[in-house]
Structures are given as structure tokens and as C-alpha cells.
Amino acid sequence: MKIAIDIGHPAHVNFFKVAANRFKDEGHDVTIIYLDRGTLPSIVENEYGGFHLVRIGKHRGSKISVIIDANIKRFFQLAKYLYWNRFDIGLGVGSFNFGAVLKLMSLPNLQFDDDPERGINTILEKLTATQLFFPPIIENLGNIKNFKALKEWAYLSPKYFSPNPEVLKEYGLKEKDYIFVREISTGSLNYSKQKANIVALIARDFDKTDNVILSLENKKKTGYYPDKWQILEEPINDIHSIIYYSKLVISSGDSMAREGSMLGVPSIYCGFRDMKANEILENMNMLFHVRPDEVISKVEELRKNNFNNVNQYEFRGNLMDMWTDVSELIYNSVINMKMNGE
């Protein structure tokens, strides 16, 4: 079986990794199609060594580029590639232009998402996907199917991820002795209305004794942050172990805030988006959505409570008992679709 997987965002790189390796090990022909966007190429090339990799389309970091380069032009580039390289099935996360090409070619495609707030995108995904999978935050109707988990669980479940404390030596870190901060770029449509560099605006209000590790999407802004902060360089070796052993995660983007929460680390999301997916973890008292000007006071509140004093092993074990194995869902959905001749 020839399988095409479309990746357009760094947050989606790991989503298909477990299933992709399983397909590859079973002898299926798997191609990873990815967008030329910031550090995404280097991350994909690092994470998918041994796969057939194809770079299609470009995202220059602006709103105009998202519309023109990453969507309109990319649609035709995908159409050309997929026409001459015919696949049996396609997989994507919110890749409605990829899905549209496959639908026009009468080929099945499975899409996954957790962001119904992007109304137009969701409509386009529903129109172009053979099946569209969402967490239980949207009605299970028609070709929309619910799964009981969030998409980051595909690679963060204890079944697939075990933290490695050895990675800390590379960065001179000690377990639970540092804060992990993520500052996203606001070049995407999702975050085009968010003020840029919102963590930078409060960075110098952090406790001077805090050891801070910074994952900075736009490396041109390094001068905006305290010299003491350690800035990570992508591709990062085992970033999820670094997050796991932090005592707190602070992120201006939603994906890494959810990742921290699922790893059992109290996480502060200070971005502008209100998301139903986040509410699942907020209700578990593991994710906290606050305004940027409230971050420092929230950090101090959590510090007084010993950063929630969470037993990570138990918390993650409880999630595994409650939630769907998302990578197993991806694998089974592809196999079942081909068996049913869709």
C-alpha cells in the first residue's frame, strides 16, 4: 500500500510517527510530504530518516504567504505531484488542500483535527476528507468521527513515550529545576491576531533565580529575552524529555501547552485563543489559560503550591486508562478503509 502523509506544521511532525513506522516496518510504501516552513524541514528530516521525503510548498511567515504560497500555490503543486505519483491513501492534520486534491482524484484521505474554532477550515476539511477525526468537542456526525483523547496523545502516551533523564546532561539541566518556555511566531493564520513576542514582554519580570529554557520559533528575536535564558536550537534532541523534567511549562502557543499538560507538568497557556480542546486539560487542573499580564502571578501561585505537586506517573497512567490509543486508531483506520475498498 502506498501511503502519503502531509505535514504542514511542526506540531504535527510527531502525530503520525508511530503509525508511519509501523506501516514502514510492515512493508508499506510511506512518503512524507512536508511544507517549507521555518524549522519544519530540519525537524522532519531529523524525525523521519529512512522515509521518502518530499518538500512541497512554502510558508514565508506572513499572513499573505499562508494564503498564497502555503494554500493556493501549494494546492497546484500537490495536484501535480499526486497526479504523477499515485497513492492508495492520504493522511493529514487539517490538510484540506491535500484532501481536496485526493478527493478530486477519487482517492481516500483521513484527516485529524482538534480545532473546530477554525470554522472555515473545519467546513473545508469535512467537505474534502473521507473521514475527519476530532476529539469529543464537536458533534459526531456524518464523516466526522470522535476519539476520546487529544491528538498529542498519539506520541505522548506512556505506551510510546518514556522520558530519558540522560538528555538533560546535554543542556546542563537537573530534574524539576527549570521552567520550560515556548514562544511561537505569529505568522500563521491561527495566531495572526495575537500580539507578537508576548512572553518577551514579561520575560524580565521572572524571578531572577529561575533557570529558564526557551524554545523560540523566531530566532531573529533572541535579543528580546534575558541573556541568562538558555535558547534551544532545533532540531532538539528529545524535546519531550526536556519538557517532562521541567517543573513548569509556559507557552504562547496552544500545542506545547497541551503537550506539557499531558506529560504531567503544570502548564500555562498565555495565547489569545479560547479552545475547547484545552478545556479538557483545564478541567483536570493541569492547564491554565491566563492573559500575558497574569503569567507572573500565576507562576508564583503555582510555586507556593509546589507546582501542583503532581505525581506524573499516576496522572499519565490515568490518562492512558481513560483515553484512546490515537496511534492505534490511525493505523486501524487506514487498514479498515482499505479492507472496505473505500
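Now for a quick tour of the structure. Remember, predicted model here, so these are calculated numbers, not experimental data. (Residues numbered from 1 in each chain as written. Predicted model: local features only at pLDDT ≥ 70, side-chain atom pairs only at ≥ 80, totals over all residues. Heavy atoms only, no water.)

### Structural notes on the overall build of the chain
- Scanning the chain from terminus to terminus reveals twelve helices and 13 strands.
- For a compact globule of 342 residues, the expected C-alpha radius of gyration is about 20 Å, and the chain comes in at 20 Å, within 12% of that figure.
- Projected onto the principal axes, the alpha-carbon positions of the chain cover approximately 60 × 45 × 35 Å.
- With 342 residues in all, the chain has 55% of them scored as buried.
- Considering only intrachain contacts with a sequence separation of at least 6, the fraction spanning at least 24 residues in the chain is 58%.
- Counting only carbon and sulfur atoms, one obtains 50% of the accessible surface of the chain, whose full area is about 15100 Å². (Helix = DSSP H or I, 4+ residues; strand = E, 2+ residues; numbered from the N terminus. Rg over C-alpha atoms; globule rule 2.2 N^0.38 Å. Buried < 20%, exposed > 50% of the residue type's maximum accessible area, 1.4 Å probe, protein only. Contact = heavy atoms within 4.5 Å. Areas by Shrake-Rupley, 256 points an atom, 1.4 Å probe, with all protein chains shown as cover.)

### Some details on the sheet that holds strand β10 (residues 230-231)
- Spatially, β10-β9-β8-β11-β12-β13 is the arrangement adopted by the six strands of the open sheet, whose pairing is parallel. The sheet terminates laterally at β10 and β13 (287-289), the two strands that pair on one side only.
- In this sheet, strand β12 (residues 267-269) lies alongside strand β11 (residues 248-251) in parallel orientation, the contact comprising three bridges. Within β12, the residue paired with Val249 across the bridge is Ser267.
- In this fold helix α8 (residues 254-262) packs onto β8 (179-183), β11, β12 and β13, with an angle of close to 160° to the strand it touches most, β12. (Pairing = 2+ DSSP bridges. Axes fitted to C-alpha atoms, helices over the stretch in contact; angles between N-to-C directions.)

### Quick notes on the pattern of salt bridges
- A full pass over the atoms with the stated rule returns 28 salt bridges.
- Here Arg74 ties to Asp6 by a salt bridge, and the two come within 2.7 Å at their closest N and O atoms. Here Arg74 is found in helix α3 (residues 63-84), whereas its partner Asp6 is found in strand β1 (residues 2-7), with 68 residues between them in sequence.
- On the basis of relative accessibility, which here comes to 3%, the residue Arg74 falls in the buried class.
- Judged by relative accessible area, Asp6 falls into the buried class, the value being 3%.
- For Arg22, the salt bridge identified is with Glu328, shortest N-O distance 3.0 Å. (Salt bridge = Lys/Arg side-chain N within 4 Å of Asp/Glu carboxyl O.)

### Comments concerning the nonpolar core
- Counting residues in each nonpolar core, the largest one holds 68 residues, and the members touching the most others are Ile5, Ile7, Phe16 and Tyr48.
- It is helix α12 (residues 326-339) that contributes the most residues to this core, six residues altogether.
- Excluding anything up to four places from it in sequence, Tyr48 contacts Ile7, Val13, Phe16, Lys17, Ala20, Ile32 and Leu53.
- Counting 23 residues, the second largest nonpolar core, distinct from the first, contains Leu214, Leu216, Leu248 and Val290. (Core = buried A, V, L, I, M, F, W, Y, C linked by side-chain atoms within 4.5 Å.)

### Thoughts on helix α11 (residues 312-322)
- Within α11, burial applies to Gln312, Phe315, Arg316, Gly317 and Leu319.
- If you follow the buried residues of α11, they end up packed against α6 (153-156), α7 (239-244) and α8.
- N-capping of α11 is provided by Asn311, with a side-chain oxygen placed 3.2 Å from the backbone N of Tyr313. (Polar contact = N/O pair within 3.5 Å; in protein donor to acceptor, adjacent residues only side chain to side chain.)

### Some thoughts on the packing of helix α4 (residues 96-104) against helix α5 (residues 119-128)
- Following both chains from N to C, one finds α4 and α5 inclined at 25°, their axes separated by 8 Å at the closest point. When the axis of α4 is compared with that of α5, the two are roughly parallel. Of the two elements, α4 crosses α5, and the hand of that crossing is left-handed. Here Phe96, Gly99, Ala100 and Lys103 of α4 lie close against α5, whose contacting residues are Asn121, Leu124, Glu125, Leu127 and Thr128. (Parallel < 35°, antiparallel > 145°, perpendicular 65-115°, else oblique. Left-handed = near helix turned anticlockwise from the far one by under 90°.)

### As for the sheet that holds strand β3 (residues 52-59)
- Judged by pairing direction, the sheet is parallel, and its seven strands sit side by side in the order β3-β2-β1-β4-β5-β6-β7 without closing on themselves. Of all strands in the sheet, those with a lone pairing partner are β3 and β7 (144-146), marking the two edges. The mean angle between the axes of side-by-side strands here comes to 20°, regardless of whether they run parallel or antiparallel.
- Here β1 pairs with strand β4 (residues 89-93) via four bridges, running parallel. Within the sheet, the bridge partner assigned to Ile3 lies in β4 and is Ile89.
- Lying over the sheet, helix α2 (residues 40-47) contacts β1, β2 (29-37) and β3, oriented at roughly 160° with respect to β2.
- Along the sheet face, α5 touches β5 (109-112), β6 (131-134) and β7 and points at about 140° away from the line of β6.

### Points about the packing of aromatic side chains
- All told, the structure shown has 13 aromatic pairs when counted by the stated rule.
- Aromatic pair Phe23 and Tyr331: ring centres 5.1 Å apart, planes at 25°, arrangement stacked. A residue pair is termed long-range when its members are at least 10 positions apart, and Phe23 in helix α1 (residues 17-25) and Tyr331 in helix α12 qualify at 308 residues.
- The class for Tyr331 is buried, based on a relative accessible area of 10%.
- Plain terms: the ring middles of Tyr244 and Tyr245 are 5.0 Å apart, the flat faces sit at 85° to each other, and that makes the pair edge-to-face. Here the two residues Tyr244 and Tyr245 agree in accessibility, since each one is buried.
- Clustering of aromatic rings is evident, with ring pairs tying together Phe15, Phe16, Phe112 and Phe133.
- Over the ring of Tyr331 we find Arg22, and its NZ or CZ is 3.5 Å from the ring centre.
- Cation over ring: Lys24 sits above Phe51, and NZ or CZ is 5.4 Å from the ring centre. (Phe/Tyr/Trp six-rings, centres within 6.5 Å; stacked < 30°, edge-to-face > 60°. Lys NZ or Arg CZ within 6 Å of the ring centre and 35° of its normal.)

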